[in-house]
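Spelled out from the first residue to the last, the chains are:
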Amino acid sequence: MAGTLKEHDFEFMDVALEEARIAMAEDEVPVGAAIVYDGEVIAADHNRVRASCSALAHGEMLVLAAAAKKLGDWRLNGCTLYATKELCPMCAGACVMSRVSRVVFAVGDCAMGCLGGGPFDFSSVPMFNHRFPAVGGVRSDECLVLLREFFATKRIPRKDCSEGITSDQVKMLHKRLDKSANI
Ligand SMILES: [Zn+2]
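Residues numbered from 1 in each chain as written. Predicted model: local features only at pLDDT ≥ 70, side-chain atom pairs only at ≥ 80, totals over all residues.

**Observations regarding the overall build of the chain**
So, step 1. Helices and strands together make up the secondary structure of the chain, namely 6 helices and 5 strands.
So, step 2. Restricting to contacts in the chain with at least 6 residues of sequence separation, those with at least 24 account for 56%. (Helix = DSSP H or I, 4+ residues; strand = E, 2+ residues; numbered from the N terminus. Contact = placed C-beta atoms within 7 Å.)

Following this line, the structure appears as structure tokens:
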């Protein structure tokens, strides 16, 4: 469901953006996330898929888990999640399951985005037991620069737990970023 911008969204996105920069330095896809509760950042993390060799280690998943632990409650009512990229099916689904109150993201993702910028919008499925406002485009230029820079430097193949990324895949990713930039 389309949300509206609130005061401080820009600043809180800065926390997520800083995390994305750390991910970049760690050679992870540069996506960062933060959770704000009661005007305070209670969790901030970034993509750690490569380091932890787990597709589950998206920054958004990590901050959802950290925030629940901190609050001592898996229900994250009153929490806003900030992410530098539109959430994938896993993370958008996790927001539904965690009952997050609001999501703010930067870059839309026309392929995998599940908050209205891509093929699905998990924030407002009538049959789901939780819906929340989602707003995109906050500081998207800065976050997009990081993603572009990251994929521009990708080379192939890798000899680690990631399968490596082919030049065709890189081309496809750039196309996807171009398309997403216009969301
Ligand atoms: Zn995700």
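Having seen the model, we can carry on.
**Examining the nonpolar core**
So, step 1. Ranked by size, the top nonpolar core spans 47 residues in total, and within it Ala 34, Val 63, Leu 81, Tyr 82, Leu 87, Cys 95 and Val 103 carry the most contacts.
So, step 2. Of all the elements, helix α1 (residues 9-25) adds the most residues to this core, at 7 residues.
So, step 3. Not counting the four nearest positions on each side in its chain, Leu 87 is found in contact with Glu 60, Ala 92, Cys 95, Val 103, Phe 105, Cys 114 and Leu 115. (Core = buried A, V, L, I, M, F, W, Y, C linked by C-beta atoms within 7 Å. Buried ≥ 20, exposed ≤ 12 C-beta atoms within 10 Å, placed from the backbone.)

**Considering the sheet that holds strand β3 (residues 79-85)**
Adjacent strands of a sheet form backbone hydrogen bonds with each other and so pair up, either parallel or antiparallel.
So, step 1. Strand order in the open sheet formed by 5 strands is β2-β1-β3-β4-β5, with mixed pairing between adjacent strands. Each edge of the sheet is formed by a strand with only one pairing partner; in this case those strands are β2 (40-46) and β5 (134-135).
So, step 2. Contacts from helix α3 (residues 59-71) reach β1 (32-37), β2 and β3 within the one sheet, and its direction differs from that of β2 by about 145 degrees. (Pairing = 2+ DSSP bridges. Axes fitted to C-alpha atoms, helices over the stretch in contact; angles between N-to-C directions.)

**Notes on the packing of α3 against helix α4 (residues 89-98)**
So, step 1. One can describe the packing of α3 onto α4 by two numbers: an axis separation of 9 Å at closest approach and a directional angle of 20 degrees. With respect to α4, the element α3 is oriented roughly parallel. Crossing of α3 against α4: the hand is left-handed. Across the interface between the two elements, Glu 60, Met 61, Leu 64 and Ala 68 of α3 pack against Met 90, Cys 91, Ala 94 and Ser 98 of α4.
So, step 2. A per-class count over the contact of α3 with α4 returns 6 nonpolar, 1 polar and 1 charged. (Parallel < 35°, antiparallel > 145°, perpendicular 65-115°, else oblique. Left-handed = near helix turned anticlockwise from the far one by under 90°. Nonpolar A, V, L, I, M, F, W, Y, C, P; charged D, E, K, R; others polar.)

**As for the environment of Ala 2**
So, step 1. Here Ala 2 shows up in the segment before α1.
So, step 2. Considered as a pair, Ala 2 and Val 103 are 101 residues apart in the sequence and their alpha carbons are 10.0 Å apart.
So, step 3. If we skip the residues at most four places from it in the chain, Ala 2 touches Gly 116 and Pro 133.

**Describing helix α5 (residues 140-152)**
So, step 1. Between the first and last C-alpha of α5 there are 18 Å, a value that for 13 residues agrees with the 18 Å anticipated at 1.5 Å per step.
So, step 2. Taken together, the buried positions of α5 are Ser 140, Cys 143, Leu 146 and Leu 147. Around the axis of α5, the buried residues are gathered within 130 degrees of arc, so they sit on the same side. Exposed residues pointing more than 90 degrees away from the buried face of α5 are listed as Asp 141, Val 145, Glu 149 and Ala 152. (Expected span 1.5 Å × (residues − 1). Arc of directions from axis to C-beta.)

**Here's the deal with α1**
So, step 1. Between its first and last C-alpha, α1 extends 25 Å over 17 residues, near the 24 Å set by a 1.5 Å rise per residue.
So, step 2. Within α1, burial applies to Phe 12, Met 13, Ala 16, Leu 17, Glu 19, Ala 20, Ala 23 and Met 24.
So, step 3. Looking at the buried side of α1, the elements it contacts are β1, β2, α3, β3, β4 (102-107) and α5.
So, step 4. Of the residues one or two after α1, Asp 27 is the one with positive phi, at around 65 degrees.

**Remarks on unusual backbone geometry**
So, step 1. Unusually for a residue other than glycine, His 8 sits at a positive phi of about 80 degrees.
So, step 2. The residue His 8 is located in the segment before α1 in this model.
So, step 3. Taking the C-beta count within 10 Å as the criterion, His 8 has 12 such neighbours and is therefore assigned exposed.
So, step 4. In this structure, Cys 53 is a non-glycine residue whose phi angle is positive, near 50 degrees.
So, step 5. Within the element layout of this structure, Cys 53 appears in the loop between α2 (49-52) and α3.
So, step 6. Looking at Cys 53, the number of C-beta atoms within 10 Å reads 11, which means it is exposed.

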